[in-house]
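Each chain, written out:
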Amino acid sequence: MTPILTGFAQSPDRGRGLARDMRVRWALEELGLPYEVRLVSFAEMKEPAHLALHPFGQIPTYQEGGLALFESGAILLHLAGQHAGLLPTDPLARARAVGWVFAALNTIEPPILDLFTARVLEGDKPWAAERLPLVQDRIRTRFGQLSARLGAAEWLEGDFTAGDLMMVSVLLRARSSGLLEEFPTLAAYVARGEARAAYQRAFAAQLAVFTALSDGS
Ligand code: GTB
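No experiment lies behind these values; they were computed from the predicted model shown. (Residues numbered from 1 in each chain as written. Predicted model: local features only at pLDDT ≥ 70, side-chain atom pairs only at ≥ 80, totals over all residues. Heavy atoms only, no water.)

Draft legend 1. Geometry of the packing of aromatic side chains. Here the structure, examined in full by the defined rule, presents eight aromatic pairs. Consider the rings of phenylalanine 143 and phenylalanine 183, whose centres lie 5.8 Å apart with planes at 90°: the pair is edge-to-face. With a gap of 40 residues between them, phenylalanine 143 in helix α6 (residues 128-150) and phenylalanine 183 in the loop between α7 (162-172) and α8 (184-195) connect regions that are remote in the sequence. Across the pair, exposure class does not vary: phenylalanine 143 and phenylalanine 183 are buried alike. Through a chain of ring-to-ring contacts, the aromatic side chains of Trp26, Trp155, Phe160, Tyr189, Tyr199 and Phe203 assemble into a single cluster. Looking at arginine 173, its charged tip hangs above the ring of phenylalanine 116, at a distance of 5.5 Å from the centre. (Phe/Tyr/Trp six-rings, centres within 6.5 Å; stacked < 30°, edge-to-face > 60°. Helix = DSSP H or I, 4+ residues; strand = E, 2+ residues; numbered from the N terminus. Buried < 20%, exposed > 50% of the residue type's maximum accessible area, 1.4 Å probe, protein only. Lys NZ or Arg CZ within 6 Å of the ring centre and 35° of its normal.)

Draft legend 2. Representation of the domain arrangement of the chain in the model. According to the domain assignment, the chain consists of domain 1 (4-85 + 198-215) and domain 2 (91-196). Of note, the centres of domain 1 and domain 2, computed from C-alpha atoms alone, are 21 Å apart. Counting from both sides, the interface comprises 17 residues of domain 1 and, opposite them, 21 residues of domain 2. Linking domain 1 to domain 2 there are three salt bridges. Two residues, arginine 23 and glutamate 109, come together in a salt bridge whose shortest N-O distance is 3.0 Å. (Domains from an automatic or database assignment. Contact = heavy atoms within 4.5 Å. Salt bridge = Lys/Arg side-chain N within 4 Å of Asp/Glu carboxyl O.)

Pasting the structure below:
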């Protein structure tokens, strides 16, 4: 059975590849695995059938045989654990690569999401203007630390791993803020990720969903 991933029928990112199905699409493309994408509306995500797959009523979900998974990090680690190509075989190098997946999700992504909250969800609050620079500086601190660790290396742990896939995916979410460009090392790292053929295929596939929607096709 071909694995099935869920994605937004109408992504609010308008095809910019920022929704979290993109990181799973990218992993599947890196691994050369066939997959189908089932598109769901916001309403469908909150219905019992989808809630049975995802308790929080979100995308992405991933179904493969008897397995139903949610959480993009769990899906990525499942795929990388089952198929060669995204995790080193050496156990110590593998552990370090897994560590970067967690760093992306637990250390880098939260302040980036805070910026979205501060700007969009709480932008009209009387304290929003005061809070914004604090949130931006927390991102700058993490970006500076990550940039120092990456240094002149191409990827975080030698060859490209699931850790890079998740880190680049998370950093992309900050690009529209302009903060990424303050760290040329990270901007170049993200560009290297985007230049990968697997990324390009995944990006084109999710963009086609948005294009078909705007064409009315
Ligand atoms: N921790 C979960 C994971 O990593 O899988 C988070 C999943 C999640 O946040 N899913 C979002 C969702 O389904 C889509 S990606 N939201 C619908 C809901 O909660 O009702 C988040 C997202 C949304 C929009 C943009 N954008 O417009 O740029 C980017 C990312």
